[in-house]
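# Notes for the structure review
Residue strings, one per chain:
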4 protein chains.
Amino acid sequence: MNCFGTGYRTCLFGASHAACVGAYVEGMPTGEKLSEAIIQVELDRRSPGKGAVTSPRKERDRVEILSGILSGKATGAPIVGIVRNRDVDSSAYDALRRVPRPGHADYPAMVKYGGEHDHRGSGQFSGRMTAGLVLSGAIARQPLERRGIRFLAQTVQIGGVVLDEDVPFSVAEKIVRTNAVGCADRKTADLMRDEIVRAHEDRDSVGGVVKCVVAGLPVGVGEPFFGSIESLISSMMFSIPGVKGVEFGSGFRCASMRGSDHNDPFVVKNKRIRTTTNNAGGILGGLSTGMPVEFRVAFKPTSSIAREQKSVDIVDKKTVDLTVEGRHDPCIVPRAVPVVENCSAAVLLDLMIQGGLL
Amino acid sequence: MNCFGTGYRTCLFGASHAACVGAYVEGMPTGEKLSEAIIQVELDRRSPGKGAVTSPRKERDRVEILSGILSGKATGAPIVGIVRNRDVDSSAYDALRRVPRPGHADYPAMVKYGGEHDHRGSGQFSGRMTAGLVLSGAIARQPLERRGIRFLAQTVQIGGVVLDEDVPFSVAEKIVRTNAVGCADRKTADLMRDEIVRAHEDRDSVGGVVKCVVAGLPVGVGEPFFGSIESLISSMMFSIPGVKGVEFGSGFRCASMRGSDHNDPFVVKNKRIRTTTNNAGGILGGLSTGMPVEFRVAFKPTSSIAREQKSVDIVDKKTVDLTVEGRHDPCIVPRAVPVVENCSAAVLLDLMIQGGLL
Amino acid sequence: MNCFGTGYRTCLFGASHAACVGAYVEGMPTGEKLSEAIIQVELDRRSPGKGAVTSPRKERDRVEILSGILSGKATGAPIVGIVRNRDVDSSAYDALRRVPRPGHADYPAMVKYGGEHDHRGSGQFSGRMTAGLVLSGAIARQPLERRGIRFLAQTVQIGGVVLDEDVPFSVAEKIVRTNAVGCADRKTADLMRDEIVRAHEDRDSVGGVVKCVVAGLPVGVGEPFFGSIESLISSMMFSIPGVKGVEFGSGFRCASMRGSDHNDPFVVKNKRIRTTTNNAGGILGGLSTGMPVEFRVAFKPTSSIAREQKSVDIVDKKTVDLTVEGRHDPCIVPRAVPVVENCSAAVLLDLMIQGGLL
Amino acid sequence: MNCFGTGYRTCLFGASHAACVGAYVEGMPTGEKLSEAIIQVELDRRSPGKGAVTSPRKERDRVEILSGILSGKATGAPIVGIVRNRDVDSSAYDALRRVPRPGHADYPAMVKYGGEHDHRGSGQFSGRMTAGLVLSGAIARQPLERRGIRFLAQTVQIGGVVLDEDVPFSVAEKIVRTNAVGCADRKTADLMRDEIVRAHEDRDSVGGVVKCVVAGLPVGVGEPFFGSIESLISSMMFSIPGVKGVEFGSGFRCASMRGSDHNDPFVVKNKRIRTTTNNAGGILGGLSTGMPVEFRVAFKPTSSIAREQKSVDIVDKKTVDLTVEGRHDPCIVPRAVPVVENCSAAVLLDLMIQGGLL
């Protein structure tokens, strides 16, 4: 169905061309303090209009809470929040009904839901649905942050520009929100911005990588096998449109490593058990180790580009040249940063509730 | 809980030190032909005893079906299959109860389930649980293969040895089962075997990458957002012990690509709609495109190595030198090949049933 | 959680003292025609203001669809509908915070959710939540009615007034909506109305029984054991506030019967297999038999009565005399009729989708 | 699917003509003491062979635990228990394949699963599946009984013989297990036995009512709306073959009552809040009140009777006379007593775990 989670469940509804997009959220413990202002801040981070790196379309996403929060506290009832859509005129998309856009959901959606007659392809697969993820995640992070758990996503690659060094969490936290690309290093941020601008000038788009760190998790969050942190985080991340890869800790690098290098040795530091390295990405056997949980998410270049592309008319079965109209982000990574960050909170709150840790 | 899936659900039970490991499986349509011999073949592929590359321990995993299959057909009742354990003497593990093995689930399991008093750490996190995954997947693949859907996993990297070329599906299919490492190229298979032997001689272990291709899926398998093929496949793959990364199609390479390169152009070929490239890995918007579904899974080097390692006594909070006893696979990748292959069938059958396609 | 169903899932949100009550609904097949006018008609049937038999409070429940219906058709996305609350001033309830009303959820809710500090008791347990049930059911019945399945609930008992005879479905269908109590016989309807008026005049309330018939179901709807029609219908009915009993077909009378009387003999009539009697209530082994599904639901007298009652102050632990303020229905049965009727449609649509029958 | 519950989940598998029947159970907290002997005692209560009142067939149901219990404690892994079938020769049933037995699931199962070719009708709808319910319930009751929660089911009606008086819990507890019908009064038990014998001598069967009381539940067990105690208990009870009605507290009698009589007044007794009456059956708003939870379950007369009955050949569509072979219980109520008692424990453990009360 359209839901994710067991202890804390997020269900998405609406569509980019419906009246609204929103989230139905269950499981928040009765009485938890919840600020709508925090939700709004996170939604604002996801909004376009960040100068050169995102689409200029000006749409402010205003959260409206319909259920579940009263006087700043969770009532125990499901929380329902919506963000109304403007500009739901979808006539611009009519031309696409027979000609699927390369790299988009159009073609399989046409086949699955009935070809040219169905709106679903242009509505339910939209990146706009991630507003619901941010909504749920910005709710979920609040009880966790009160318990000392911190979330930080950052852009570590845009096209050919890579941030290699590991910026300390508390430094990164300050810098990430101050630049349009969400990078933890100012100079690299400028280079990334240039990379995006260049792609845009070429009427093209570019991909990138978001890294996310969750600090302060207690030991033992996660469940064996299907409830592993990796299973649930990856499942959530791959729900975000455009994601092609997810890796934890050493990730794909582990394939060329030896066990003697990869195993993180345990040590006692300030009476706490730590590991000297963190190839595990803070997770062993699917459970948190107390070290920071770290993962990386690869985003493909935006599918909608202004260049002419090859496609086919699915009715005539003839090749056609297609030019995708409309204004699109030349790179989705900057706006994906708050999505990754917030929806990881939804996953971890889910696991903490499942494990009786909240 | 311990279950995966909605339309076709797999629940794992047992433990490496219990009477058995097994799977409880729901959703198989009544009347589907199911061969126990096929299940046994897949379990045999997962068994150790493949010469130099796996542990010499000789344990044959014999499937026993307790429910749901009658006269070679699904009755509609849940299917329950077990594999009995031998050698359930766990005294060898007693020493580990206070000293967590680096790279293992021991430490977070001790904290979560009660330190030295609990067996769960040594039982439910075991790679042996993947026998249940193979069991469920070897059941799931049968109705799919009858409908022309084929599954092929293969080893494409062991340590420094990488198979770069794309061996055609029908060629690979024949070669993969003929060598101990599960590689689609005989020469590379020999090099991979040498890499594993070297790691073993060094009392060490080595990681690798498994690639899996699913051919013949109809267009439109998958559900929007949380039910995307990527979400479910990755969730299943990260349930397998030792997995650190999962990527689809272009995967992490997409981060440095431009949209004009990454978008797979549509063409008509033999009256069917195809794409000329497959950076999408056969998936757009979470739905199958009709092109082969392709993904890669990174496995870390086996955590249990014969070398002395640093750990801590969690009671005394003192550093100790630990030597892990027992015979262990120097590389888990060869035995992971049938696990990846079969459990991907369980995921895709689930999505096909959800989508009313079976 | 707050959801019911597998194939067609209804989740309730909101509360009587929140901004709205509503339903989040999943599983409606893409493309099904759905009329908002029909939803509104069913909500109107549930509204108060039916002369002497219900509370005079004038609140019209206007449905607002936020997601999932576009141009009169299901889009495939979740359907979210709300009914806004007016009069959410809950100061009248403040006095109740320490003194639980007899027959109400107040006392266990105070203990469960935190005594005098929590609103949940007065909000989430309200009969007003059944507006969400009607909303979901009025959506569910539409595709079923198009397939010839008809739903009819009727009042068969109010206090001492009982309608014994079986009014034929198509006759009853016409009469039930023409009187305020929802009875299929006009004369009995008058007597029932009098019974309610008498209770009201006595500053008291009275109970009753609603019978529901579902005609036109195909054979084989339902699943073995936990998915039996009775399990799901009863589970749904007991969710309605005030229900104390549910019985199917012969119901409690079966206890004093012999098998030779109770077994409904099979016959062939117009080439269709029927039974000559229907003690089974249209269900055998949890599955529909093709005969009308029949069940009866007992409602207790409204708990809120104007008379002074004995209660206790849960803080002081002292006995107090309590008078419940506000205007209340002297009998909830008339307004329960459309609730029973519509929510049974939600259950049967769920089972038909589960069984691949829609 | 084949599962019940959220916090404590029971999944049934097997069939009367398969190798075994069994239960897969999830959610038992790690470390809870669990005795297999107690499970065996409850299974023995369900077994036939109680003299005149049940079928003489001698089949002892021996429980075999395959997973989840180690050294008398829950390991945290799913608990899987089976009871092997003997006598799985189903040739006696072959004649029934075209001619449905009146009162049985045969007819709708034939239509649903494929007419004469499928065994499911004779296997998955069998009363024998309740062995799995007893298995799960006998596990669930153990942690609850340790916390002072007691379960007692008893026969209060067989045909025309009714036990009207309310035998005190601790008296009833002793008597119920000492007579073959499970009645709390010895004299009435004899009359009930005679009623069953008479039905048997008449080659007929007879129905009855089981009452169940759960004492010692804390206040606040249950969840609003769909998670009400009544919703879940009734759903479970209606899964038991042969159940036609379920009522709580005053039950159907409430329909003729006034609110001033029905509302149970609160009082303080020994510093605890109680009600002077218990029309609520220990439940308000779906939540436990601290008073005993009481419900009654109506069972129809056994469908299989030795008398000749009217049925139809579903292939020829002709009327035939049918005589059902085999030995059958003339009344299922005595063997249903331990089923009702144990499976109510499975439901309440589920709700207690959901509510964080265990």
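Residues numbered from 1 in each chain as written. Chains lettered and ligands numbered in written order. Predicted model: local features only at pLDDT ≥ 70, side-chain atom pairs only at ≥ 80, totals over all residues. Heavy atoms only, no water.

On to the relation of the copies chain A and chain B. For the pair of chain copies, the relating transformation is a rotation about an axis with a translation along it. Overlay of chain A on chain B (RMSD 0.0 Å): rotation 180°, translation along the axis 0.0 Å. In short, the pair behaves as if placed about a two-fold rotation axis. Looking at chain A, 100% of its interface residues are interface residues in chain B too, so the copies touch through the same face. (Least-squares fit on C-alpha atoms with pLDDT ≥ 70 in both. Contact = heavy atoms within 4.5 Å.)

On to the relation of the copies chain D and chain B, then. Taken as rigid bodies, chain D and chain B are interconverted by a rotation of 180° and an axial shift of 0.0 Å, the fit giving an RMSD of 0.0 Å. Most of the interface of chain D is mirrored in chain B: 100% of its interface residues are interface residues there too.

Tallied over the full model, the rule gives 116 salt bridges over all chains. Several salt bridges converge on common partners, so that one network encompasses A:Glu42, A:Arg45, A:Arg141, A:Glu145, A:Arg177 and A:Glu341. (Salt bridge = Lys/Arg side-chain N within 4 Å of Asp/Glu carboxyl O.)

A few words now on the pairing of strand β3 (residues 20-26) of chain D. All names here are of chain D. Taken across its 7 residues, β3 has 7 buried, putting it largely inside the fold. Across the two faces of β3 the burial is the same, with Cys 20, Gly 22, Tyr 24 and Glu 26 and Val 21, Ala 23 and Val 25 all buried. Pairing of strand β2 (residues 9-14) with β3, which is carried by 6 bridges, proceeds in the antiparallel orientation. For Arg 9, the partnering residue across the bridge sits in β3 and is Glu 26. (Buried < 20%, exposed > 50% of the residue type's maximum accessible area, 1.4 Å probe, protein only. Helix = DSSP H or I, 4+ residues; strand = E, 2+ residues; numbered from the N terminus. Pairing = 2+ DSSP bridges.)

On to the interface of chain D and chain B, then. At the interface, 32 residues of chain D touch 32 residues of chain B. Between chain D and chain B, roughly 2300 Å² of surface is buried when both sides are summed, and carbon and sulfur atoms account for 61% of that area. When the buried area of chain D at its contact with chain B is split by residue, D:Met1, D:Tyr24 and D:Leu66 rank highest and sum to 23% of it. For the interface between chain D and chain B, the tally reads 2 salt bridges. Of the charged contacts in the structure, one is a salt bridge between B:Arg84 and D:Glu64, with a shortest N-O distance of 3.6 Å. Joining chain D to chain B, the criterion identifies 4 residue pairs in polar contact (both at pLDDT 80 or more). Ranked by residues supplied to the side of chain D that touches chain B, first place goes to β2(D) with 5 residues. When its residues are assigned to classes, the side of chain D that touches chain B shows 15 nonpolar, 11 polar and 6 charged. (Buried area = accessible area lost by both parts, 1.4 Å probe. Polar contact = N/O pair within 3.5 Å; in protein donor to acceptor, adjacent residues only side chain to side chain. Nonpolar A, V, L, I, M, F, W, Y, C, P; charged D, E, K, R; others polar.)

The next subject is the state of the cysteines. As enumerated under the stated definition, the model contains 4 disulfides over all chains in all. Paired by a disulfide, A:Cys3 and A:Cys11 hold their sulfur atoms 2.2 Å apart. Taking the torsion about the sulfur-sulfur bond, which here is approximately 105°, the covalent link between A:Cys3 and A:Cys11 counts as right-handed. For A:Cys3, a relative accessible area of 18% gives the class buried. Since its relative accessible area comes to 1%, A:Cys11 is described here as buried. A disulfide-free cysteine, D:Cys343 has its sulfur positioned 8.3 Å from the sulfur of D:Cys212, the nearest such atom. Assessed through its relative accessible area of 0%, D:Cys343 is described here as buried. (Disulfide = S-S within 2.5 Å.)

Moving on: the interface of chain A and chain B. Interfaces are frequently sized by the accessible area removed from exposure as the parts join. Tallying the contact residues gives 106 residues for chain A and 106 residues for chain B. The junction of chain A with chain B conceals about 7800 Å² of combined surface from both sides, 65% of it contributed by carbon and sulfur atoms. Looking at the side of chain A facing chain B, the largest losses of area belong to A:Phe225, A:Phe226 and A:Lys244, adding up to 12% of the total buried there. Viewed at the interface, chain B and chain A are joined by 6 salt bridges. For B:Asp202, the salt bridge goes to A:Arg258, with nearest N and O atoms at 2.9 Å. Joining chain A to chain B, the criterion identifies 38 residue pairs in polar contact (both at pLDDT 80 or more).

All names here are of chain D. Ordered by their spatial adjacency, 5 strands build an open sheet running β1-β2-β3-β7-β4, and the pairing between neighbours is antiparallel. With partners counted over all chains shown, the strands left at the sheet margins are β1 (3-4) and β4 (63-67), one partner each. Helix-sheet contacts for helix α1 (residues 36-46) involve β4 and β7 (79-84), and the interaxial angle to β4 is about 135°. (Axes fitted to C-alpha atoms, helices over the stretch in contact; angles between N-to-C directions.)

On to the packing of aromatic side chains. One pass over the full model with this rule turns up 32 aromatic pairs over all chains. Both rings, one in C:Phe225 and one in C:Phe226, keep their centres 6.1 Å apart while their planes meet at 80°; by these two values the pair is edge-to-face. Of the two residues, C:Phe225 and C:Phe226, both sit in the buried class. Centroid distance D:Tyr113 to D:Phe125: 6.5 Å. Interplanar angle 50°. Geometry classified as tilted. Here the residue D:Tyr113 occupies a position in helix α2 (residues 106-113), and D:Phe125 occupies one in the loop between α3 (120-123) and α4 (130-146), the gap between them amounting to 12 residues. For D:Tyr113, a relative accessible area of 14% gives the class buried. The exposure class assigned to D:Phe125 is buried, which follows from its relative accessible area of 11%. Members of the aromatic cluster, joined through ring pairs, are A:Phe13, A:Tyr24, C:Phe13 and C:Tyr24. (Phe/Tyr/Trp six-rings, centres within 6.5 Å; stacked < 30°, edge-to-face > 60°.)

Turning our attention to the side chain of A:Ser288. Along the chain, A:Ser288 turns up in strand β15 (residues 287-288). Residue class for A:Ser288 comes out buried when judged on its relative accessible area of 0%. Side-chain polar atoms of A:Ser288 contact the backbone oxygen of A:Pro218, separated by 2.6 Å. Setting aside residues no more than four positions away along its own chain, A:Ser288 makes contact with A:Leu217, A:Pro218, A:Val219, A:Gly220, A:Val221, A:Ile229, A:Gly282 and B:Pro108.

Turning next to the sheet that holds strand β11 (residues 243-248) of chain D. Taken in spatial order, the 10 strands of this open sheet run β9(C)-β8(C)-β10(C)-β16(C)-β11(C)-β11(D)-β16(D)-β10(D)-β8(D)-β9(D), and their pairing is antiparallel. Two strands lie at the open edges of the sheet, namely β9 (161-162) of chain C together with β9 (161-162) of chain D, each paired on one side alone. By the bridge criterion, 8 bridges tie strand β8 (residues 150-158) of chain C to strand β10 (residues 208-215) of chain C in an arrangement that is antiparallel. Within β10(C), the position partnered with C:Thr155 by the bridge is C:Val210. Here helix α7 (residues 229-237) of chain C sits on the sheet and contacts β11 (243-248) and β16 (293-299) of chain C together with β11 of chain D; the angle it forms with β11(C), its principal contact strand, is near 160°. Its contacts with the sheet place helix α5 (residues 169-176) of chain D against β8 (150-158) and β10 (208-215) of chain D, and it is angled at close to 70° to β8(D).

Moving on: helix α2 (residues 106-113) of chain C. Of all 8 residues that make up α2(C), 6 are buried, and the element is covered over most of its length. Downstream of α2(C) by a residue or two, C:Gly114 has a phi angle that is positive, lying close to 110°.

Bringing the arrangement of the chains into the picture now. Here chain B and chain C are not in contact; the least distance found between their C-alpha atoms is 8 Å. Note that chain A does not reach chain D: the shortest distance linking a C-alpha of one to a C-alpha of the other is 8 Å.

Residues and elements named next belong to chain C. Put simply, helix α1 (residues 36-46) and helix α9 (residues 333-354) touch, their axes get as near as 7 Å, and they point 140° apart. With respect to α9, the element α1 is oriented oblique. Mapping the contact onto sequence places Glu 42, Arg 45 and Arg 46 in α1 and Arg 335, Val 337, Pro 338, Val 339, Glu 341 and Asn 342 in α9. Partitioned by chemical class, the residues of the contact of α1 with α9 number 3 nonpolar, 1 polar and 5 charged. (Parallel < 35°, antiparallel > 145°, perpendicular 65-115°, else oblique.)

A few words on helix α9 (residues 333-354) of chain B. Residue and element names in this part refer to chain B. Between its terminal C-alpha atoms α9 stretches 31 Å, which fits the 32 Å expected from 22 residues at 1.5 Å a residue. For α9, the buried fraction is high: 20 of the 22 residues fall into the buried class. Just past α9, the residue Gly 356 takes up positive phi, approximately 70°. (Expected span 1.5 Å × (residues − 1).)

Another point: the confidence of the model for chain A. With 94% of its residues at a pLDDT of 70 or more, chain A has an overall mean of 92. ipTM for the predicted complex: 0.96, alongside a pTM of 0.96. (pLDDT = per-residue confidence, 0-100.)

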